[in-house]
Amino acid sequence: MAEEMGLRVPRHVAIILDGNGRWAKKRGLPRNMGHVEGCKVVERTVEDAAGLGIKYLTVYGFSTENWKRSAEEVGALMQLFRYYMKRLLKVAKKNDVRVIMIGERSRFDADIIEGLDRLENETKGNSRMTFTIAVNYGSRDEITRAVRRMMEDCAAGKLSPKDVNEELIGSYLDTKELPDPDLLIRTSGEERLSNYLLWQLAYTEFYFTDVLWPDFNKEELVKAIEKYNGRDRRFGGV
Ligand code: IPE
Ligand code: IPE
Ligand code: MG
């Protein structure tokens, strides 16, 4: 499919979905309606990405900073999360997609933690694509937790300072099973990382679009990949 279109598909695409609130506001709707639409788009994007031959898709759904939003919005997001986790399980099974979660899950209610465990366990044999959801994720939190565990292992005599290199650090991060992203997409016109994958995006190409997340679709995904195809990746070389 992607080859027919002459696309070289990046192995790992990371997305910062943004603009749900503004999408709703533009229509005179409550913010939550933007999140509802946004969830549908996540579901469709999983299918589109798998169909294009992308092997890893990683989407930022809820940051460690997003708890600062109103109790009403956080509550509504948790409810949506409960509902979409169940739908995602079906979509993942149908499309042979493995789901993993990155972020700190202990802050969620017990039923959400159970749902996340179930998503991971019941899809762990799937191999067409790995879909990673970043929830209660923040890169600084991830690195802080990694350093803490490294120091604990050191204190326990399992690790020594001379063992520390980039590969070892990577193995302590939540993304230990994932290659680094090739392409990062952020929607809604904002051009910042908002604490997303700071270590992993070291050599990633960035693509920013004004499209609001609920309006994102396969055509937009293909546009981002085409732009990526036109770039010359260097990794520090000439
Ligand atoms: C992204 O949309 C979804 C989450 C961060 C949960 P926003 O809710 O940030 O939408 P805007 O940026 O206010 O438009
Ligand atoms: C980033 O979006 C977090 C997620 C997409 C989950 P935000 O809308 O929360 O980021 P800021 O606050 O504009 O940087
Ligand atoms: Mg936003």
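It should be emphasised that the depicted structure is a prediction, and the values quoted were computed from it without experimental measurement.

Draft legend 1. Layout of the packing of aromatic side chains. Counted under the stated rule, the structure contains 10 aromatic pairs. A ring pair is formed by W67 and F108, whose centres lie 5.7 Å apart and whose planes are at 45 degrees; its orientation type is tilted. Of this pair, W67 sits in the loop between β2 (56–63) and α3 (71–94) while F108 sits in the loop between β3 (97–102) and α4 (110–123), and the two are 41 residues apart along the sequence. One exposure class covers both W67 and F108, and it is buried. The interplanar angle of 90 degrees and the centroid separation of 6.1 Å between the aromatic rings of Y137 and Y196 together place this pair among those described as edge-to-face. Within this pair, whereas Y137 is found in strand β4 (residues 129–137), its partner Y196 is found in the loop between β5 (183–186) and β6 (205–208), the two being separated by 59 residues in sequence. The pair formed by Y137 and Y196 is uniform in burial state, with each residue classed as buried. One aromatic cluster is present, built from ring pairs that chain together F62, W67, F81 and F108.

Draft legend 2. The environment of R31, seen in detail. Mapped onto the elements, R31 comes out in helix α2 (residues 31–52). Look at R31 and you get partly exposed, because its relative accessible area is 39%. When the C-alpha positions of R31 and I112 are compared, they lie 22 Å apart, and in sequence the two are 81 residues distant. In this structure, R31 is in contact with N20, G21, A24, R69 and E73, ignoring residues within four places of it in sequence.

Draft legend 3. Up close: the site of ligand 1. For ligand 1, the full set of nearby residues is L17, D18, G19, N20, G21, R22, R31, H35, G61, N66 and R69. For ligand 1, an oxygen atom lies 3.2 Å from a polar atom in the backbone of N20. R31 is positioned with one of its side-chain polar atoms (N or O) 2.9 Å from an oxygen atom of ligand 1. Burial of ligand 1 by the protein amounts to 88% of the accessible area it has alone, namely 380 Å². Put simply, the parts of the chain that give the shell around ligand 1 at least two residues each are α1 (20–26) and α2. The greatest single-element share of the shell around ligand 1, amounting to 3 residues, is contributed by α1. Classifying every residue of the shell around ligand 1 by side-chain character gives 1 nonpolar, 6 polar and 4 charged.

Draft legend 4. Up close: α4. Helix length check: α4, at 14 residues, gives a terminal C-alpha distance of 20 Å against a target of 20 Å (1.5 Å per residue), a fit within 8%. Looking only at α4, the buried set comprises I112, G115, L116, L119, E120 and T123. Buried positions in α4, seen along its axis, are confined to an arc of 130 degrees and lie on one side of it. Facing away from the buried surface of α4 by more than 90 degrees, the exposed residues are A110 and E114.

Draft legend 5. Molecular detail of the packing of α3 against α4. One can describe the packing of α3 onto α4 by two numbers: an axis separation of 10 Å at closest approach and a directional angle of 10 degrees. Relative to α4, α3 is oriented roughly parallel. When α3 is examined against α4, the residues M78, F81, R82, M85, L88, L89, A92 and K93 are found in contact with a partner set consisting of D111, I112, G115, L116, R118, L119, E122 and T123. Residue classes in the contact of α3 with α4 are distributed as 9 nonpolar, 2 polar and 5 charged.

Draft legend 6. Expanded view of the sheet that holds β6. With parallel pairing, 6 strands are arranged side by side in an open sheet as β3-β4-β2-β1-β5-β6. Single-partner strands in this sheet number two, and they are β3 and β6. Neighbour to neighbour, the strand axes of the sheet diverge by 20 degrees on average, direction disregarded. With 7 bridges connecting them, β2 and β4 associate as parallel partners. Across the sheet, residue S63 finds its bridge partner in β4, namely Y137. Packed onto the sheet, helix α7 (residues 218–229) meets β5 and β6 and runs at close to 135 degrees relative to β5.

Draft legend 7. The site of ligand 2, seen in detail. Near ligand 2 you find I16, L17, D18, Y60, G61, F62, S63, N66, R69, R186, R192 and S194, and these make up its full shell. A distance of 2.9 Å is found between an oxygen atom of ligand 2 and a side-chain nitrogen or oxygen belonging to N66. One of the side-chain N or O atoms of S194 is found 2.6 Å from an oxygen atom in ligand 2. Summarising the interface, the protein chains cover 78% of the accessible area of ligand 2, which totals 390 Å² for the free molecule. Of all the elements, β2 adds the most residues to the shell around ligand 2, at 4 residues. Residue classes in the shell around ligand 2 are distributed as 4 nonpolar, 4 polar and 4 charged.

Criteria and cut-off values
Residues numbered from 1 in each chain as written. Chains lettered and ligands numbered in written order. Predicted model: local features only at pLDDT ≥ 70, side-chain atom pairs only at ≥ 80, totals over all residues. Heavy atoms only, no water. Phe/Tyr/Trp six-rings, centres within 6.5 Å; stacked < 30°, edge-to-face > 60°. Helix = DSSP H or I, 4+ residues; strand = E, 2+ residues; numbered from the N terminus. Buried < 20%, exposed > 50% of the residue type's maximum accessible area, 1.4 Å probe, protein only. Contact = heavy atoms within 4.5 Å. Near = heavy atom within 4 Å. Polar contact = N/O pair within 3.5 Å; in protein donor to acceptor, adjacent residues only side chain to side chain. Areas by Shrake-Rupley, 256 points an atom, 1.4 Å probe, with all protein chains shown as cover. Nonpolar A, V, L, I, M, F, W, Y, C, P; charged D, E, K, R; others polar. Expected span 1.5 Å × (residues − 1). Arc of directions from axis to C-beta. Axes fitted to C-alpha atoms, helices over the stretch in contact; angles between N-to-C directions. Parallel < 35°, antiparallel > 145°, perpendicular 65-115°, else oblique. Pairing = 2+ DSSP bridges.

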